[in-house]
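Architecture at a glance
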Amino acid sequence: MIDNRVELTPLPSPLEAATCRRRLTIGLPKCMTRSERRFPLTPEAARNLTERGFCLLMEPGAAESIHYPDGAYSKGGVRFVTRRETLQADIVIHLAPLSVPDIGQLRKGALLLTLANFGRREGQEVVRRLLERRVINIAIDLIVDGYGHRPFADVMAEVSGRAAVTIASGMMADSERGKGILMGGVAGVSPCEVVILGSDLAASAAARSALGLGAMVRMFDSDVYRLRASLRQIGGGVIGSSIHPRALENALRTADVVISTDLDCPVVVEASGETLLKRGVLVFDLSSEPGRAFPTMPLRDLGENAAPESPDYRPGDPSSCHLCYCNAGSAVPRTAAMALSDTFITMLDDIAGCEGASSAIQLTPGLQDAALTFLGKAVNPRVARIAGVRHYDIRLLLSLS
């Protein structure tokens, strides 16, 4: 028997929810920075977002760097518009720093998703312009989830670690510009030696790739607990050591590849230390601030050159024998895009579920820690120093709003 006294609360229909979400637009302008070849979304990810009710606005040719044609995105419901229209979206995704003129076209109060880019050019002017436009700038590589993981940073670190070893292997096997040797050697021929400074995710990914190719791998870190955890995760085959000067010096003498990652106590190899390195050694810097480990070596950005240059050997010029390669992740932009896409889908879905960026930041501590600017205030201490403005605690601002 039906009880007519029960009052039923009507729920919003899926069509109504989808209609509300369609009002949230995502802009995907083309990246004009040569060193950043990664693109945030694949066509499959774009289709997924449009099916979830988002409206994606993309500049023509924006995905050329990952070798996807515009037609692959248009089939997924992406609209192709002018660059200005992409910058007017509710959410703008652009991994590299936007130029000052582009920032001036952002909608006031818009959400801008980028990398931290603390070493950005025209940093002071860029930050001041973001503050003027009251833009909410989130650095995706600083986002921490509820489990203490860094979803975006970890993805990019793993890609960079594997890419560095793959690129090194190809460069060494090059019979004209390299040594013409295999990283793993063969029966009767010793394998190459790979020295890794650090034991973070990028270091572990590089170690696995090098082991898979048959190289002998040595890993150094000042944090013994992190080193132990990394060695346990890799599962054997890597020689781990604390950073003792003599042990590190001996390893650098015989290394064929040196990979530097983020360390709590950074290793700095000055010019005198570089003389220990063999001729033709390949040096990669995967840290957040490339150039600190080997300050006297010229940096070569792998994102700017699809085919990296090998060291140029010029007799009588010792500095010409060593180059430091950085930005390895941008050398494999399509893999990076595929790896980043799922993470972006999850993040954007959470933002839409919170009915906007401000609400999402208020409800998500991980986004709060990743915020650089928030509605006209510099909420990251380093960004505040770059711009020469006062730093505000975002939690205090949210509590007052």
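The structure contained in this document is the topic of the report that follows. It should be emphasised that the depicted structure is a prediction, and the values quoted were computed from it without experimental measurement.

What counts as what
Residues numbered from 1 in each chain as written. Predicted model: local features only at pLDDT ≥ 70, side-chain atom pairs only at ≥ 80, totals over all residues. Heavy atoms only, no water. Pairing = 2+ DSSP bridges. Helix = DSSP H or I, 4+ residues; strand = E, 2+ residues; numbered from the N terminus. Axes fitted to C-alpha atoms, helices over the stretch in contact; angles between N-to-C directions. Contact = heavy atoms within 4.5 Å. Buried < 20%, exposed > 50% of the residue type's maximum accessible area, 1.4 Å probe, protein only. Phe/Tyr/Trp six-rings, centres within 6.5 Å; stacked < 30°, edge-to-face > 60°. Lys NZ or Arg CZ within 6 Å of the ring centre and 35° of its normal.

Moving on, we get to the sheet that holds strand β10 (residues 257-260). Spatially, the seven strands line up as an open sheet ordered β9-β8-β7-β10-β11-β13-β12, and their pairing is parallel. The open sheet has two edge strands with one neighbour each: β9 (238-241) and β12 (299-301). Pairwise comparison of adjacent strand axes, ignoring direction, gives a mean angle of 25° for this sheet. Note that strand β11 (residues 282-285) and strand β13 (residues 324-326) share three bridges and pair parallel. Bridge pairing in β13 places Val283 opposite Cys324. Where helix α7 (residues 151-173) meets the sheet, it contacts β10, β11 and β13, and its direction lies at approximately 160° from that of β11.

A word on the pairing of β10. The alternating pattern of β10 places Val257 and Ile259 and Val258 and Ser260 on opposite faces, both of which are buried. As paired strands, strand β7 (residues 193-197) and β10 are joined by four bridges and run parallel to one another. From the neighbouring strand, Ile196 faces β10, where its bridge partner is Ile259. For β10 and β11, the ladder comprises four bridges, and the chain directions are parallel. Considered in β11, the bridge of Val257 is made with Leu282.

Turning our attention to the packing of aromatic side chains. Evaluated as defined, the whole model comprises four aromatic pairs. Linked through ring pairs, Phe39, Tyr68 and Tyr73 together constitute an aromatic cluster. In this arrangement the basic side chain of Arg334 is found over the ring face of Tyr68, its NZ or CZ atom lying 3.8 Å from the centre.

No statement about biological role is implied by the geometric values presented.
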